[in-house]
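The residues making up each chain are set out below.
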Amino acid sequence: MTDPYQREPREKEISLCPCKSKSSYMDCCMPYHYGIKKPETAEQLMRSRYCAYFFRRVDYLVDTWHPDKRTAGLKNELKENVHEANWKFLNILATSKGQKGDKTGKVEFSADYYVGSEKYTLEECSRFRKHKGSWKYLDDKG
Ligand SMILES: [Zn+2]
């Protein structure tokens, strides 16, 4: 599935996944982005969604949003906004549940990004919930 908004990974991004896991993109978030594997933990989903923002993979972001929380305009909003931020760093601060056998999980993280030359830091505690056996992003009210 091609998404016209996304950008292709550069060489250094392939050798080191943008989610800062220290693995290659191939061994980390790529199999999720290409639908080869599904994240087993909430943290894996969180990382792959950060990485999807990084590569501007709108379809993946929509797909991994919990259906209960997807708004009608979500996809268009993402298409319009996904280019604004250039993501630089992800730091996972804490996780709670979100393991293979769980149905819910929380991931607390901070992420740095630039809009133009201005640096911002997003701090969030995301909640995740399984839907039909797959982890989905619920909201940031954790
Ligand atoms: Zn990754």
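Up top is the structure these notes are about.
Note that the structure is predicted; figures quoted are calculated from it, not measured.

Draft legend 1. Examining the coordination of the zinc ion more closely. Only Cys17 (SG), Cys19 (SG), Cys28 (SG) and Cys29 (SG) from the protein reach the zinc ion as donors, at distances of 2.3 to 2.4 Å. Seen from the zinc ion, its 4 donor atoms lie at angles of 100 to 115°, and the figure they make is tetrahedral. When the donor residues of the zinc ion are listed from N- to C-terminus, their spacing reads C-x1-C-x8-C-C. Each member of the pair, Cys28 as well as Cys29, is classed as buried.

Draft legend 2. Up close: the nonpolar core. By size, the foremost hydrophobic cluster in this structure holds 34 residues, and its most contacted members are Met46, Tyr50, Leu90 and Phe128. Those elements that place two or more of their residues in this core are helix H2 (30-33), helix H3 (42-55), helix H4 (58-63), helix H5 (74-81), strand S1 (86-97), strand S2 (104-115) and strand S4 (134-139). Sorting elements by how many residues they give to this core places H3 first, with 8 residues.

Draft legend 3. Structural detail: the layout of surface pockets. In this model, the largest pocket occupies a volume close to 530 Å³. Contributing to the lining of the largest pocket are 23 residues, with Tyr53, Trp65, Leu78, Trp87 and Leu122 lying nearest its centre. For the lining of the largest pocket, the secondary structure elements donating two or more residues are H3, H5, S2 and strand S3 (118-131). For the lining of the largest pocket, the class distribution of residues is 15 nonpolar, 3 polar and 5 charged.

Draft legend 4. Structural view of the sheet that holds S3. Taken in spatial order, the 4 strands make up an open sheet running S1-S2-S3-S4, and their pairing is antiparallel. Edge positions in the sheet fall to S1 and S4, since each has one partner strand and no second. Pairs of neighbouring strands in the sheet enclose a mean axial angle of 30°, with direction left out of account. Sheet topology note: the S3/S4 ladder contains 5 bridges and is antiparallel. Bridged to Lys130 within S4 is Trp135. Packed on one face of the sheet, H3 meets S1, S2, S3 and S4 and runs near 165° to S1.

Draft legend 5. Region of the structure containing the packing of aromatic side chains. Scanning the model with the defined rule gives 8 aromatic pairs in all. Arranged with centres 5.0 Å apart and planes meeting at 85°, the rings of Phe54 and Phe55 form a pair that is edge-to-face. Here Phe54 matches Phe55 in class, with each residue buried. Each ring, one from Trp87 and one from Tyr113, has its centre 4.6 Å from the other, and the planes form 35°; the classification is tilted. One end of the pair, Trp87, is in strand S1; the other, Tyr113, is in strand S2, with 26 residues separating them in the sequence. Comparing Trp87 with Tyr113, the two get one shared label, buried. Ring-pair connections join several aromatic residues into one group, and the members of that group are Tyr50, Tyr53, Trp87, Tyr113 and Tyr120. We note Arg49 situated over the ring of Trp65; from NZ or CZ to the ring centre the distance is 4.7 Å.

Cut-off values and rules
Residues numbered from 1 in each chain as written. Predicted model: local features only at pLDDT ≥ 70, side-chain atom pairs only at ≥ 80, totals over all residues. Heavy atoms only, no water. Donors = N, O, S within 2.8 Å, 3.2 Å for Na, K, Ca; no water. Tetrahedral: all angles 85-135°; square planar, octahedral: opposite > 155°, others 65-115°. Buried < 20%, exposed > 50% of the residue type's maximum accessible area, 1.4 Å probe, protein only. Core = buried A, V, L, I, M, F, W, Y, C linked by side-chain atoms within 4.5 Å. Helix = DSSP H or I, 4+ residues; strand = E, 2+ residues; numbered from the N terminus. 1 Å grid on protein atoms, 1.4 Å probe; cavity = no way out; pocket = protein on both sides within 12 Å on 5 of 7 lines; lining within 4 Å. Points joined across faces, edges and corners; volume = space filled by probe spheres on them. Nonpolar A, V, L, I, M, F, W, Y, C, P; charged D, E, K, R; others polar. Pairing = 2+ DSSP bridges. Axes fitted to C-alpha atoms, helices over the stretch in contact; angles between N-to-C directions. Contact = heavy atoms within 4.5 Å. Phe/Tyr/Trp six-rings, centres within 6.5 Å; stacked < 30°, edge-to-face > 60°. Lys NZ or Arg CZ within 6 Å of the ring centre and 35° of its normal.

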